[in-house]
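Here is what each chain is made of, one letter per residue.
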Amino acid sequence: MSATAIRLRPRRTKGAGLGVLAWLLGLLFFLPIAWMALTSFHSEEDAATNPPSFAAALTLDGYREFFGAGGGASPWPSLINSTVASLASTLLVLVLALPAAYALSIRPVKKWTDVLFFFLSTKMLPVVAGLLPIYLFAKNTGLLDNIWLLVILYTSMNLPIAVWMMQSFLAEVPVAIIEAAQIDGARLPTILTRVVAPIALPGIAATALICFIFSWNELLFARVLTGVVAETAPVFLTGFITSQGLFLAKVCAASLVISLPVLAAGFAAQDKLVQGLSLGAVK
């Protein structure tokens, strides 16, 4: 056996071990979702058994009750509110974060690291600390139970993270391309939309997906500041925990349906997400 083969064997063994470890971690994260999906297709009696019965009969009763077949509230208004709040806030975040990241990366301002730290420091404040002032402001301005208040809040909450992420993405854009566009007479809006945005599209997609997930999953502000008109999907989900007990099959069905938009968005943008998160990793 040659010396080269002896050197390659440990590397191959290490690579195979890392692959097995990655698969085990993936299955570990996937197991709760698979368990929830299986439980959602069981009846309440079978879902409440301990230990659970994997051979129990499958049924769609949990999904029928979630969509109001048993006389309960319809989830569609809450799902629509979550969609509007998440998409609108994500679009606003991208519109505001792109020029800010451009100023901090391609055309950096003075002490741009201090600016980035200031953006990130706004996330250090506990959300509960700002809940009462925001509630009083919404009450005095008549914005309680208003979906556009959530849009503004989600935009302000996600904007620091978006600027921080997109700054690192836009730093990879070649300055020579921007200078060539400026020589051709392109103004800043044209440079941002036709030069910078297409090059940094993977990073923008990754930022948009993360902001969408954060907005869709937000519960505290939606729980306190909304009632009936602007109720979001996570708030609607908490309504399944009643004084009568926890109906496990129906809760699992509701959780799976409410998680589907996030899972679908992640699956659709997975290639852009991987490219975006890996930008700047290798110089």
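Residues numbered from 1 in each chain as written. Predicted model: local features only at pLDDT ≥ 70, side-chain atom pairs only at ≥ 80, totals over all residues. Heavy atoms only, no water.

### Description of the overall build of the protein chain
- Scanning the protein chain from N- to C-terminus turns up 14 helices and two strands.
- Taking all 283 residues of the protein chain together, 35% fall into the buried category.
- Of the contacts formed within the protein chain by residues at least 6 apart in sequence, a portion of 75% connects residues at least 24 apart.
- Approximately 16,800 Å² of the protein chain is accessible, and the part contributed by carbon and sulfur atoms is 71%. (Helix = DSSP H or I, 4+ residues; strand = E, 2+ residues; numbered from the N terminus. Buried < 20%, exposed > 50% of the residue type's maximum accessible area, 1.4 Å probe, protein only. Contact = heavy atoms within 4.5 Å. Areas by Shrake-Rupley, 256 points an atom, 1.4 Å probe, with all protein chains shown as cover.)

### Quick word on the packing of helix 4 (residues 76-105) against helix 7 (residues 147-170)
- Direction vectors running N to C along helix 4 and helix 7 enclose 35°, while the axes themselves pass 6 Å from each other. Of the two elements, helix 4 crosses helix 7, and the hand of that crossing is right-handed.
- Looking at the contact of helix 4 with helix 7 residue by residue, the classes come out as 22 nonpolar, six polar and no charged. (Axes fitted to C-alpha atoms, helices over the stretch in contact; angles between N-to-C directions. Left-handed = near helix turned anticlockwise from the far one by under 90°. Nonpolar A, V, L, I, M, F, W, Y, C, P; charged D, E, K, R; others polar.)

### A short note on unusual backbone geometry
- If you check the backbone angles, Asp 145 has positive phi at about 60° while not being a glycine.
- Along the chain, Asp 145 falls in the loop between helix 6 (131-141) and helix 7.

### Let's talk about helix 13 (residues 248-268)
- The end-to-end C-alpha distance of helix 13 is 30 Å, a good match for the 30 Å that 21 residues give at a rise of 1.5 Å each.
- Within helix 13, the axis deviates most sharply at Leu 260, by approximately 40°, and proline Pro 261 lies no more than four positions further along.
- All of the buried residues along helix 13 are Ala 249, Lys 250, Val 251, Cys 252, Ala 253, Ala 254, Ser 255, Leu 256, Val 257, Ile 258 and Val 262. (Expected span 1.5 Å × (residues − 1). Bend = angle between axes of the 7 residues up to and from the residue.)

### Digging into the UniProt feature "transmembrane region" (unreviewed entry) in the protein chain
- Look at the UniProt record and you will see "transmembrane region" (unreviewed entry) annotated at residues 20-38, 84-104, 116-135, 147-170, 191-215, 221-240 and 247-269.
- Annotation note: span residues 116-135, helix share 55%, strand share 0%, distance between end C-alpha atoms 28 Å.
- With 91% helix and 0% strand, the stretch residues 247-269 has end C-alpha atoms that lie 34 Å from each other. (UniProt positions renumbered as here; feature names shortened; annotations may be inferred.)

### Structural notes on the environment of Thr 207
- Among the structural elements, Thr 207 can be located in helix 10 (residues 201-217).
- Apart from the residues within four sequence positions on either side, Thr 207 is in contact with Leu 94, Ala 162, Met 165, Met 166 and Phe 169.

### Here we look at the side chain of Glu 218
- Structurally, Glu 218 can be placed in the loop between helix 10 and helix 11 (220-225).
- The exposure class of Glu 218 is buried, given its relative accessible area of 9%.
- One polar contact links the side chain of Glu 218 to the main-chain amide nitrogen of Phe 221, over a distance of 2.7 Å.
- Once you skip the residues sitting within four places of it in the chain, Glu 218 turns out to touch Tyr 154, Met 157 and Pro 234. (Polar contact = N/O pair within 3.5 Å; in protein donor to acceptor, adjacent residues only side chain to side chain.)

### What about the environment of Leu 225?
- With respect to the helices, strands and loops of the structure, Leu 225 is situated in helix 11.
- Along the chain, Leu 225 and Leu 149 lie 76 residues apart, while their C-alpha atoms are 8.5 Å from each other.
- Residues contacting Leu 225, with those up to four places away along its chain left out, are Ile 134, Tyr 135, Leu 144, Asp 145, Leu 149 and Leu 153.

### Brief notes about a nonpolar patch on the surface
- Judged by side-chain polarity, Leu 18, Leu 21, Leu 25, Leu 28 and Phe 29 come together as a nonpolar surface patch covering roughly 530 Å² of accessible area.
- For Leu 18, the position within the fold is in helix 1 (residues 3-40). (Patch = residues over 30% accessible without salt bridge, like charges linked within 9 Å, V, L, I, M, F, W, Y side chains within 5 Å. Salt bridge = Lys/Arg side-chain N within 4 Å of Asp/Glu carboxyl O.)

### Considerations on the side chain of Ser 82
- Mapped onto the fold, Ser 82 is located in helix 4.
- By relative accessible area, Ser 82 is classed as buried at 2%.
- If sequence neighbours within four positions are ignored, Ser 82 has contacts with Trp 216, Thr 232, Ala 233 and Pro 234.

### A short note on the packing of aromatic side chains
- Under the definition given, this model contains five aromatic pairs.
- An aromatic cluster of at least three residues, connected via ring pairs, comprises Phe 66, Phe 67, Trp 76 and Phe 236.
- For Lys 250, the ring lying beneath its charged end belongs to Phe 247, and the centroid distance is 5.2 Å. (Phe/Tyr/Trp six-rings, centres within 6.5 Å; stacked < 30°, edge-to-face > 60°. Lys NZ or Arg CZ within 6 Å of the ring centre and 35° of its normal.)

### Details of the packing of helix 8 (residues 175-183) against helix 9 (residues 188-199)
- Relative to each other, helix 8 and helix 9 sit at 160°, their axes nearing to 11 Å. The angle between helix 8 and helix 9 falls in the class roughly antiparallel. For helix 8 against helix 9, the interelement crossing comes out right-handed. On the side of helix 8, the interface is formed by Ile 177, Ile 178, Ala 181 and Gln 182, while helix 9 contributes Ile 191, Val 195, Val 196 and Ile 199. (Parallel < 35°, antiparallel > 145°, perpendicular 65-115°, else oblique.)

### Side note on the nonpolar core
- Membership of the largest hydrophobic core comes to 28 residues, with the highest contact counts inside it found for Tyr 102, Leu 170, Ile 178 and Val 196.
- Beyond its immediate stretch of four places on either side in the chain, Val 196 contacts Tyr 102, Ile 106, Leu 170, Val 173, Ile 178 and Ile 191.
- By size, the runner-up hydrophobic cluster in this structure holds 18 residues, among which are Phe 66, Ala 233, Val 251 and Cys 252. (Core = buried A, V, L, I, M, F, W, Y, C linked by side-chain atoms within 4.5 Å.)

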